Amino acid sequence: MTASTKDIFYSVLLASLFFFFITLSADYGNTINNIDFDENISVDKLVNSGDALHRPSILGSKGTENEENIAKWLMRFKAYSVEADEHIVIMALARIKPSQGLFDPGFYQYGGSFIYPLGIFYYVLKEIGILNISSLQNMLNSPDIFDDVYYYGRIFVAFFVSLASVFLFLSLRYFTSSRNSLIYTAIFLLMPATIMFAQVMKPHYYAIFWSNLALYLVIRSVNSGTINRFSSLIIGLSLGMSVGSSLVYSIFAIILWTIILTIKNLNGKLESIFVIPIISVITFLLFNPYLLLNFTEASQEANALQGWFDFSVNNITSNLFLYMKNSFSIGFGFAFTFGYILLIMWLVYKKKIRFNIIAGVMIVVLVLMSIVTSSLSDWHTNVRYSPYIAPLILVIFAYFFKDTKIIPSLMLLFTVIQSFPLYIAYQDEDSLQYSTRLNAANWINNNIAYNSFICTNGRSIVPYDTPPFKFGKYKINQNFCEFYISVDRRSDNLHFSKKHQLIQRYKPRYNLVSIPLVYSHINPQISIYKVNDDE
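The text that follows walks through the structure, step by step, so that each part is easy to find. Just so it is clear, the structure is predicted and the values come from calculations on it, not from any experiment.

Quick look at the overall build of the protein chain
The secondary structure content of the protein chain amounts to 22 helices and 5 strands. Its C-alpha radius of gyration of 24 Å places the protein chain within 12% of the 24 Å reference for a compact globule of 535 residues. If one aligns the C-alpha atoms of the protein chain with their principal axes, the spans along those axes are about 75 × 55 × 45 Å. In the protein chain, which comprises 535 residues, the proportion classed as buried is 55%. The contacts of the protein chain with a sequence gap of at least 6 include a subset with a gap of at least 24, amounting to 77%. Looking at the protein chain as shown, the accessible area adds up to about 23600 Å², and 62% of this sits on carbon and sulfur atoms.

As structure tokens, then:
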């Protein structure tokens, strides 16, 4: 089965509706940079205060430029977003100055296949007068400009995710009805992880456009019995772009190349199995040249990241359970997770070599992800390291259960129910009534006495780790604490000593205590403790 003109229309309509709803929420967090902190500090002092994006900070080393101070805190609340790491993308782009022949972003965790197209997008917006990008001094004087920068960066990602859904639909249509294809595509778009990462200026879900394009071309080629040279070139380009945006897509590239390798009676296969990896590598290097040209700093950055990704092959069963519980089911959805497990069981039950190989790959990917994220096993956003799983599995569902209507319908229903609180949280982020950050800040300002000693759970005072209270009124993060402010990144896993007495807590709406339906990155739970050191 192939998609008709009517099918394509409905898939584009679905993608457009998703994109529209993302545009309604993608301006979240734009209140904090307009808050009056009662601090009369000049913009020049803010600029000269430094920030957390110097190379020594990225590499985990320390220097005098990293000393905390109120000017630096205020600068961050004007220039940063409530999403951790989005500001790193802005600073990477700021280092690129084509007029001076400078193209090295100085940050390599997010690949050039994402950084450079985003930079071109911003350049076009600036040239047509939509964005007023200028000096840091001017932008700090008009912090709403930063709101626009983050908003359009998120829109950039959302646009590519929307396009990715069209290619997913076209892939699904080869195996199942138009109705089921639309439902499976809607499941992908409405998963909690998609809603979150489609409106975060990071490469993980931008890259899914390229991987879905490659997946579609492979499926089309296999169904036609021929993989021509043009398709091989585009598949190679797409895989290079996806891996060149985020290295986590390397596994997907290997899976897709292996599928081509194992397909019998595919005309042009011999040429394609060489062309695809060659074009992928060339594309990767073209967009990431400084991995070689600035190998020293790229290596230092990779070494610094090892602290985050402390791989562990011990307790594989425990790590797998934690990954499935804390990340997979929370990100992709409980219904998708249940279906994933049942699919593996069904494939094994069939006792066919081809089916068993598919089940084995599905299991290996999960085990591998649980090993890679073992040091982050309590987090709820680790599905960003395996986003390609969702489209692949939905296609497998469509292939094996092409005539089934009840399975995709139920999966979509429960996915929508699970995702609803998360989407509402994006709407609530700037709400005077429901924003946990704004309400926590107001409570602190009005109820904690001047010059009190306050500690926070973040490594520094930044918007994503600290509510925007008036920092100048208090003594912050010193050796002694009277109050402790916690942005609860793991609201279902809190551990505090008896000396911490909870005096106020702000929760996102519709969230569950034991099963976090709202990630800590958006409208997070915030707890305020009185510290009793005499106990």
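Quick word on the side chain of T185
Residue position: T185 is located in helix 9 (residues 178–190). With a relative accessible area of 1%, T185 lands in the buried category. Discounting chain neighbours no more than four positions away, the residues touching T185 are L14, S165, L168, F169 and L172.

Some remarks on the packing of aromatic side chains
The geometry of an aromatic ring pair comes down to the distance between the two centres and the angle between the two planes. Tallied over the entire structure, the rule returns 44 aromatic pairs. On the basis of an interplanar angle of 70° and a centroid distance of 5.2 Å, the ring pair of F328 and Y340 is categorised as edge-to-face. In this pair, F328 is assigned in helix 17 (residues 316–332) and Y340 in helix 18 (residues 334–350), connecting sequence segments 12 residues apart. With respect to class, F328 is no different from Y340; both count as buried. Residues F453 and F480 carry aromatic rings whose centres are separated by 5.3 Å and whose planes lie at 75° to one another, so their mutual orientation is edge-to-face. Highlighted residues: F453 in strand 1 (residues 453–456) and F480 in the loop between strand 2 (475–476) and strand 3 (483–487), separated in sequence by 27 residues.

Some thoughts on the packing of helix 11 (residues 203–224) against helix 20 (residues 389–400)
Across the interface, helix 11 lies against helix 20 with an axial gap of 10 Å and an inter-helix angle of 30°. Judged by the inter-axis angle, helix 11 sits roughly parallel to helix 20. Relative to helix 20, the crossing made by helix 11 is right-handed. Together, I208, N212, L215 and I219 of helix 11 and P391, L392 and V395 of helix 20 make up the contact between the two elements.

With respect to the sheet that holds strand 3
Taken together, the 5 strands give an open sheet; going across it, the order is 2-1-3-5-4, and neighbouring strands pair in mixed fashion. Of all the strands in the sheet, just strand 2 and strand 4 (500–506) have a single pairing partner and so form its edges.

Criteria and thresholds
Residues numbered from 1 in each chain as written. Predicted model: local features only at pLDDT ≥ 70, side-chain atom pairs only at ≥ 80, totals over all residues. Heavy atoms only, no water. Helix = DSSP H or I, 4+ residues; strand = E, 2+ residues; numbered from the N terminus. Rg over C-alpha atoms; globule rule 2.2 N^0.38 Å. Buried < 20%, exposed > 50% of the residue type's maximum accessible area, 1.4 Å probe, protein only. Contact = heavy atoms within 4.5 Å. Areas by Shrake-Rupley, 256 points an atom, 1.4 Å probe, with all protein chains shown as cover. Phe/Tyr/Trp six-rings, centres within 6.5 Å; stacked < 30°, edge-to-face > 60°. Axes fitted to C-alpha atoms, helices over the stretch in contact; angles between N-to-C directions. Parallel < 35°, antiparallel > 145°, perpendicular 65-115°, else oblique. Left-handed = near helix turned anticlockwise from the far one by under 90°. Pairing = 2+ DSSP bridges.

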